[in-house]
Amino acid sequence: MIYHTETNKMPNTFQKTLIILKPDAIHRGIVGEILDRFEQKGIRPVGMKMVKMTDLLLDKHYAQHKGKHFLPRLKKFMKSLPVVLVVLEGLDVVRVVRNMCGPTDGKNAPPGTIRGDYGMSISANIIHSSEDLKAAKREIGIFFSKNEIFSYSWPDINFYYNEEEV
Ligand code: CMP
């Protein structure tokens with residue numbers, strides 16, 4: 001069975017995660033290049049928007065960093081330009097996207113990762129991706145309402161995944 005022709009939907013084993021293309025990615029004009037990496041990999045956007053961050057949004061998003069020394073500067077940076085928020089979908093996508101982003105500090109991120117290829121900073125580090133599935137659900141809920149997330153079939157999905165994987 002080729003599932004997408006039967007159901008026209010993603011299998012429920014697929015996950016969603018949130019990425020934020022930070023002000024440095026916007027400023028440097030690499031939004032398209034970064035999104036291209038995910039599409040080439042076999043990960044699809046199911047929600048996307050550009051927003052200007054506010055203190056309210058950032059305090060929710062960075063709740064676990066409350067009180068940390070870098071938070072005030074991080075918030076200032078995140079408000080300096082709009083950001084692009086993208087919900088990505090795919091199999092095991094939270095872990096795969098984290099790996100594609102690389103370690104927080106661009107100086108330590110290996111070549112081939114987004115931070116490794118584009119960045120030298122621990123704070124202006126191009127991209128955010130949700131840490132785990134619980135964080136992904138929480139973070140998506142901060143920025144997206146249900147009707148802003150879409151479900152669509154991929155005509156070529158079986159060139160990215162084998163039937164038994166999905
Ligand atoms: P991100 O993974 O998006 O989420 C938390 C952010 O805090 C992280 O990326 C960095 O941008 C920033 N951050 C984490 N640790 C530090 C640090 N030690 N100094 C400055 N910024 C940091």
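Quick note: structure is the one above.
Asker: Outline the nonpolar core, listing residues and values.
Answerer: Core analysis: the largest hydrophobic core is formed by 21 residues, its most contacted members being Ile19, Ile34, Phe38 and Ile127. No other element matches helix α6 (residues 93-101), which puts five residues into this core. Counting residues in each nonpolar core, the second largest holds 18 residues, with Leu18, Val46, Ile142 and Phe143 among its members.

Asker: Residue-level account of the site of the ligand, with values.
Answerer: Residues in close proximity to the ligand include Lys22, Tyr62, His65, Phe70, Leu74, Thr104, Arg115, Ile122, Ser123, Asn125 and His128, which together make up its full environment. Within the side chain of Asn125, one N or O atom sits 3.2 Å away from an oxygen atom of the ligand. At 2.9 Å from an oxygen atom of the ligand is found a side-chain nitrogen or oxygen belonging to His128. If the ligand stood free it would expose 450 Å²; the protein chains cover 81% of that surface. Residues that form the shell around the ligand fall into these classes: four nonpolar, five polar and two charged.

Asker: Just give me the short version of unusual backbone geometry, but keep the residues and values in it.
Answerer: The backbone of Asp92 sits at a positive phi, close to 55°, despite the residue not being glycine. Looking at the element boundaries, Asp92 is found in the loop between β3 (83-91) and α6. Judged by its relative accessible area of 29%, Asp92 is partly exposed. Of note in the backbone geometry, Ile126 takes a positive phi value of approximately 75° without being a glycine. Checked against the element boundaries, Ile126 lands in the loop between α7 (114-118) and β4 (127-129).

Asker: I'd like a rundown of the sheet that holds β3, residues and numbers included.
Answerer: As summarised here, the arrangement of the four strands in space is β2-β3-β1-β4, forming an open sheet in which the pairing is antiparallel. Both edges of this open sheet fall to β2 (44-51) and β4, since each of them pairs with a single strand only. Here the average twist between neighbouring strands, direction ignored, is 20°. Judged from the eight bridges that link them, strand β1 (residues 14-21) and β3 form a sheet pairing that is antiparallel. Residue pairing for β3: Lys16 is matched across the bridge by Glu89. Helix-sheet contacts for helix α8 (residues 133-143) involve β1, β2, β3 and β4, and the interaxial angle to β1 is about 60°.

Rules used throughout
Residues numbered from 1 in each chain as written. Predicted model: local features only at pLDDT ≥ 70, side-chain atom pairs only at ≥ 80, totals over all residues. Heavy atoms only, no water. Core = buried A, V, L, I, M, F, W, Y, C linked by side-chain atoms within 4.5 Å. Buried < 20%, exposed > 50% of the residue type's maximum accessible area, 1.4 Å probe, protein only. Helix = DSSP H or I, 4+ residues; strand = E, 2+ residues; numbered from the N terminus. Near = heavy atom within 4 Å. Polar contact = N/O pair within 3.5 Å; in protein donor to acceptor, adjacent residues only side chain to side chain. Areas by Shrake-Rupley, 256 points an atom, 1.4 Å probe, with all protein chains shown as cover. Nonpolar A, V, L, I, M, F, W, Y, C, P; charged D, E, K, R; others polar. Pairing = 2+ DSSP bridges. Axes fitted to C-alpha atoms, helices over the stretch in contact; angles between N-to-C directions. Contact = heavy atoms within 4.5 Å.

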